[in-house]
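The residues making up each chain are set out below.
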Amino acid sequence: QVQLVESGGGLVQAGGSLRLSCAIDGRAFSTYIMGWFRQAPGKEREFVAAIRWSGGNTNVAYSLKDRFTISKDNAKNAVYLQMNSLKPEDTAVYYCAADRYSSNIVIITTAYDFWGLGTQVTVSS
């Protein structure tokens, strides 16, 4: 069992930056893939970025890769999402998730077994 707790969300003006953190509590997640998803009001939850805990391979959604970066800190058992040049359309609840079984990074929500409660990001124009 893995527990995920997101933090770092908030209100920011367009053009600003935020760094989201996901604290991982649990065992045996060294083989997991850790992902970030987001869900705006009235929209489907969508893939943002993911990182393989072992090896550090990353994947960022194509439309976001110029502005968003995913990273991890092994010592702190944490995953981060650095978001720069934020836009009002980035407003959403951002979720951290863990995929136990996939060999490669998967971008669909159903592949992820554990989810945090989310952190709200609001970007004002």
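Structure's up top.
Residues numbered from 1 in each chain as written. Predicted model: local features only at pLDDT ≥ 70, side-chain atom pairs only at ≥ 80, totals over all residues. Heavy atoms only, no water.

With reference to specific residues and values, describe unusual backbone geometry.
Of note in the backbone geometry, N77 takes a positive phi value of approximately 50 degrees without being a glycine. N77 gets classed as partly exposed once you look at its relative accessible area, which sits at 27%. In this structure, S85 takes a positive phi of about 50 degrees despite not being glycine. Summarising the element assignment, S85 is placed in the loop between β8 (78–83) and β9 (92–99). (Buried < 20%, exposed > 50% of the residue type's maximum accessible area, 1.4 Å probe, protein only. Helix = DSSP H or I, 4+ residues; strand = E, 2+ residues; numbered from the N terminus.)

Explain the packing of aromatic side chains residue by residue, including any values.
For the structure on display, the rule yields six aromatic pairs. Between F29 and W53 the ring centres are 5.1 Å apart and the planes differ by 80 degrees, which places this aromatic pair in the edge-to-face class. Pair noted here: F29 is in the loop between β3 (18–26) and β4 (33–39) and W53 is in the loop between β5 (46–52) and β6 (58–60), with a separation of 24 residues, a long-range link. Among the residues examined, F29 registers a relative accessible area of 6% and is labelled buried. Classification of W53 as buried rests on a relative accessible area of 8%. Pairing Y95 with W115 gives two aromatic rings, centres 6.4 Å apart and planes at 80 degrees, and the pair type is edge-to-face. (Phe/Tyr/Trp six-rings, centres within 6.5 Å; stacked < 30°, edge-to-face > 60°.)

Explain the environment of N57 residue by residue, including any values.
Within the element layout of this structure, N57 appears in the loop between β5 and β6. Linking N57 and S71, residues 14 residues apart in sequence, is a C-alpha distance of 9.6 Å. Setting aside chain neighbours within four positions, we find N57 in contact with A50, I51, R52 and I105. (Contact = heavy atoms within 4.5 Å.)

Would you mind going over the state of the cysteines in detail, with residue names and values included?
This structure, assessed with the given rule, holds one disulfide. Residue C22 pairs covalently with C96 via a disulfide, S to S 2.1 Å. For the disulfide bridge between C22 and C96, the dihedral angle about the S-S bond is near -80 degrees, and by the sign convention the bridge is left-handed. You can see C22 sitting in strand β3 and its partner C96 sitting in strand β9, a full 74 residues away along the chain. There is no split in this pair, since C22 and C96 are both buried. (Disulfide = S-S within 2.5 Å.)

Bear in mind that shape data such as this cannot, by itself, settle questions of function.
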